[in-house]
Amino acid sequence: MYYLLAGFLGFLLCGVWFGVQLGLNAVFFKAGRGRLAYFSPLMASCVPIALILRRSGSYSLNLSALSDAGLWGLSAATLLLTCLIKILSERNRRRAEKRQLAYMCMETAFVEIAQRLMMQSFVMNLLAAWGCGAAWCVPLNALVWCAGICAQAILLKQPLTKALAADLLASFVFSIGCGYVFYRSGCIVFSMAAHAAERLITAKIVSSDS
């Protein structure tokens, strides 16, 4: 029961985050500052992250974990599997300009801050507070994130396509792999680097095939 409740509350937090993003993007584009929209995933998560960190009492980035070769290996394996799923399912993507691609990679890194420091930490702290297995935050967060993708598709009236299904599978695989790395290390750098690399690799390969 507690696991379902944690997942439900995590889904609500995801919805609030997405709603704040939409609001920020509307403001940015109305002001003629569309490029600021690339920063909206980070900006929308700042307040929740600050509250979560204050509640947990932990503000360390745990950069010492970056010396763990095993965690880098798991991150790399997750990256390769995620890229494979996306490359096999996507075709004819418009080639992004170098500057735009740089912004896109930065945006995906910011998404990881929201997904790990905000979402996963939130679910993990709830489970720990309720005496449940904190490690379950990894699959729970992956499921919540995929549910969020489905909800966004419904709200934006996007059809269920092969690309969307592949995106769900890739997101789940990535969330399990990098979510576990974050759970083990408490270091956000692994998943930020992996997600930015995934966007760069898939954009380069898929656009070159088109």
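What counts, and at which threshold
- Residues numbered from 1 in each chain as written.
- Predicted model: local features only at pLDDT ≥ 70, side-chain atom pairs only at ≥ 80, totals over all residues.
- Heavy atoms only, no water.
- Helix = DSSP H or I, 4+ residues; strand = E, 2+ residues; numbered from the N terminus.
- Buried < 20%, exposed > 50% of the residue type's maximum accessible area, 1.4 Å probe, protein only.
- Core = buried A, V, L, I, M, F, W, Y, C linked by side-chain atoms within 4.5 Å.
- Contact = heavy atoms within 4.5 Å.

(A) Local environment of the environment of Met-104. Mapped onto the elements of the fold, Met-104 is located in helix 4 (residues 98-129). What makes Met-104 buried here is its relative accessible area of 16%. Between the C-alpha atoms of Met-104 and Gln-120, which are 16 residues apart in sequence, the distance is 22 Å.

(B) Summary view of the nonpolar core. Counting 22 residues, the largest nonpolar core has Trp-17, Ile-113, Leu-117, Met-118, Met-119 and Trp-145 as its most contacted members. Looking at this core, the elements that each hand over two or more residues are helix 1 (2-30), helix 2 (40-56), helix 4, helix 5 (137-155) and helix 6 (162-185). The biggest single contributor to this core is helix 4, with seven residues. When residues no more than four places from it in sequence are discounted, the contact partners of Ile-113 are Leu-42, Ser-45, Ile-49, Met-118, Ile-188 and Met-192. Counting residues in hydrophobic clusters, the runner-up holds eight residues, among them Ala-6, Cys-132, Cys-137 and Leu-140.

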